[in-house]
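Working through the structure, step by step
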Amino acid sequence: MSSTRTASGRTNGRNSTWRNWGGNVSARPAREVAPASVDELAGAVRKAAEDGLRVKAVGTGHSFTSIAATNGVLIRPQLLTGIRGIDRAAMTVTVEAGTPLKRLNMALAREGLSLTNMGDIMEQTVSGATSTGTHGTGRDSASIAAQIRGLELVTADGAVLTCSEQENPEVFAAARIGLGALGVVTAITFAVEPVFLLTAREEPMPFERVLAEFDELWSENEHFEFYWFPHTGSTNTKRNNRSAGPEQPVGRLQGWFEDEFLSNGVFQAANWVGRAAPAAVPAIARISSKALSARTYTDTPYKVFTSPRRVRFVEMEYAVPREAVVETLRELRAMVERSRLRISFPVEVRTAPADDITLSTASGRDSAYIAVHMFRGTPYQAYFTAAERVFTAHEGRPHWGKIHTRDAEYFSRVYPRFGEFTALRDRLDPDRLFQNDYLRRVLGP
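Here we summarise the structure given alongside this text.

Basis of the calculations
- In every chain, residue numbers begin from 1 and rise along the written sequence.
- Per-residue local features of the predicted model are confined to residues with pLDDT of at least 70, and side-chain atom pairs are confined, for both listing and counting, to 80 or more; whole-chain, interface and lining totals are unaffected and use all residues.
- Heavy atoms from the whole structure form the basis of all side-chain values; hydrogens and water molecules are not counted.
- The secondary structure listing takes helices from DSSP runs of H or I that are at least 4 residues long and strands from runs of E that are at least 2 residues long, numbered from the N terminus.
- In this description, contact between two residues means that some pair of their heavy atoms is separated by no more than 4.5 Å.
- N or O atoms closer than or at 3.5 Å make up a polar contact, with two conditions inside protein: a donor-capable atom paired with an acceptor-capable one, and, for residues adjacent in sequence, both atoms drawn from side chains.
- In this scheme, a residue with accessible area under 20% of its type's maximum is buried, one over 50% is exposed, and one in between is partly exposed, where area comes from a 1.4 Å probe on protein chains only.
- Strand pairing is assigned whenever DSSP detects at least two bridges linking the two strands.
- A fitted line through C-alpha atoms serves as each axis, taken over the contacting stretch for helices, and the angle formed by two N-to-C directions is quoted from 0 to 180°.
- To define a nonpolar core, start from buried Ala, Val, Leu, Ile, Met, Phe, Trp, Tyr and Cys residues and group those joined through side-chain atoms within 4.5 Å.
- Cavity and pocket criteria rest on a 1 Å grid covering protein atoms alone: a 1.4 Å probe that fits but cannot get out defines a cavity, protein on both sides within 12 Å along at least 5 of 7 lines defines an open pocket, and an atom within 4 Å of a point defines a lining residue.
- Grid points are joined across faces, edges and corners, and a volume is the space filled by probe spheres set on the points.
- Residues are grouped as follows: nonpolar covers Ala, Val, Leu, Ile, Met, Phe, Trp, Tyr, Cys and Pro; charged covers Asp, Glu, Lys and Arg; every other residue, Gly included, is treated as polar.
- Think of it as the arc spanned by the lines of direction from the helix axis to the C-beta atoms.

Description of the environment of D355
Mapped onto the elements of the fold, D355 is located in the loop between β20 (347–352) and β21 (367–375). Taking the C-alpha atoms as reference points, D355 and T232, separated by 123 residues in sequence, lie 34 Å from one another. For D355, the contacting residues outside a window of four places in its chain are S143, S360, A362, S363 and G364. There is a polar contact of 3.1 Å between the side chain of D355 and the backbone nitrogen of I357.

As structure tokens, then:
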């Protein structure tokens, strides 16, 4: 594909089809631009406005919604990468928006530093992950966006806006999870801390025991999560807590066997069988739920929090009030049992404390996340529709980057500060340069 370099960055000479990681969203932008500097990005935004084209930035495409889709100008940030600076007095790191989380985590570890909490994959860019509300699990420590101390944003007029709690605080309150609606994020400053060790304890546990002891498991562990295998009464639990050491990582052979061969290779093959013969799914689920044995290991945070995900899927995830999670899970299980659905992917359950970000799924309330998945290429609509009915009955808030059918009217009810966000959007982007069909649905025109 031919390309030219202009004042507005590296631009594709012809348009092509963009697809997300899950394969369920595609778009054909008029042009793609890969700016090599903030000035080039600002120029690309101004040029798009002059040409009457809308603008969206895209990271690695790990969102399952069409949040990044556009038929206008698609900004690719792969040249805006790397660490701008580390402030050891303030314990912050400033990083370019297109930097993959994996690269950031490894660079921080070399400097003896770490983020406090992370999601469970690290393929996304820092701006893509934070803009959609990517989170891990934590009793006290919140999402990646909640660790932001400052950010830089190119707004609709091509201006470069810096914001923090001290500078443009009303923008900072919203733009940490900005959905791409307020501008294009070009740099993020994260709080960091000296690198530490985590001990992970993974073990199978009956579903009913997890629900009965959920509050205890949550309160006694810094990070608790579990996976329930539909069609079974089994879960796999994971408890991560800080450790004085020594470092005892998973052995290379054991790690390959459990994390690559079983969790990716065998699991992929099982899903192929399940897609071809849905009646076999319950039996496969029972086998899958017993495949992983208990293990304990101690390692640096990013090696404990994150894991490889090579089996492609589509996903829906909702945040419900933490106190409602057990009831919600019981309703979800009852729905699966009385249906004819065949679910080959485990249901993932995590938590997060309340935060102060305007459109964070944990904004103003302690939250629990319930994620449902289906193997890529398998019909998912019936399962997700039924699950969404359960989640919304508890005022669930869908993850902004995962499949859902909610709209602005719904969000205005479940987000007390929704109007604050849309008013800021009216001020920063009155002509809707950063608009697309998804944002029109979830934020209004």
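Some details on the environment of V210
Of note, V210 is situated in helix α5 (residues 207–212). It is 9.6 Å that separates the C-alpha atoms of V210 and N236, two residues lying 26 residues apart in sequence. Excluding its chain neighbours within four sequence positions, the residues that come into contact with V210 are M205, L217, F224, F226, T235 and T237.

Observations concerning the side chain of S363
Following the sequence through the fold, S363 ends up in the loop between β20 and β21. Given the relative accessible area of 8%, S363 is considered buried. Other than its neighbours up to four places away in sequence, S363 contacts D355, I357, T358, R397 and R417.

Describing the sheet that holds strand β18 (residues 295–299)
Strand order in the open sheet formed by eight strands is β18-β15-β17-β16-β20-β21-β19-β22, and the pairing between neighbours is antiparallel. The open sheet terminates on both sides in strands that have one partner only, identified here as β18 and β22 (397–398). Summarising the sheet, strand β19 (residues 313–321) and β21 pair through nine bridges and their orientation is antiparallel. Within β21, the position partnered with Y318 by the bridge is I370. The sheet contacts of helix α10 (residues 325–338) involve β16 (223–228), β19, β20 and β21, and relative to β21 the element is tilted by about 25 degrees.

Notes on the nonpolar core
Residues L179, L182, F190, L359, W400, F411 and L443 are the most contacted members of the largest nonpolar core, which totals 54 residues. If we ignore the near neighbours within four places in the chain, the residues touching F411 are P398, W400, H404, R406, F418 and V442. Counting 42 residues, the second largest nonpolar core, distinct from the first, contains F226, V311, V372 and Y380.

Re empty space enclosed by the protein
Under the definition given, this model contains five cavities of 30 Å³ or more. Computed from the structure, the largest cavity encloses a volume of approximately 730 Å³. Broken down by secondary-structure element, the contributors of at least two residues to the lining of the largest cavity are β6 (55–57), α3 (126–131), β13 (184–191), β19 and β20. Of all the elements, α3 adds the most residues to the lining of the largest cavity, at four residues. Contributing to the lining of the second largest cavity are N117, M118, G119, D120, G136, T137, E225, N240, F305 and R350. In the lining of the second largest cavity, the residues fall into two nonpolar, five polar and three charged.

Some points on helix α2 (residues 101–110)
Every buried residue of α2 is accounted for by L101, L104, N105, A107 and L108. When α2 is viewed along its axis, its buried side chains cluster within an angular range of 165 degrees and face the same direction. Packing partners of the buried residues in α2 comprise β8 (83–87), β9 (92–96), β10 (113–114), α3, β13 and α9 (301–305). Positive phi shows up at G112, right after α2, with a value of about 75 degrees.

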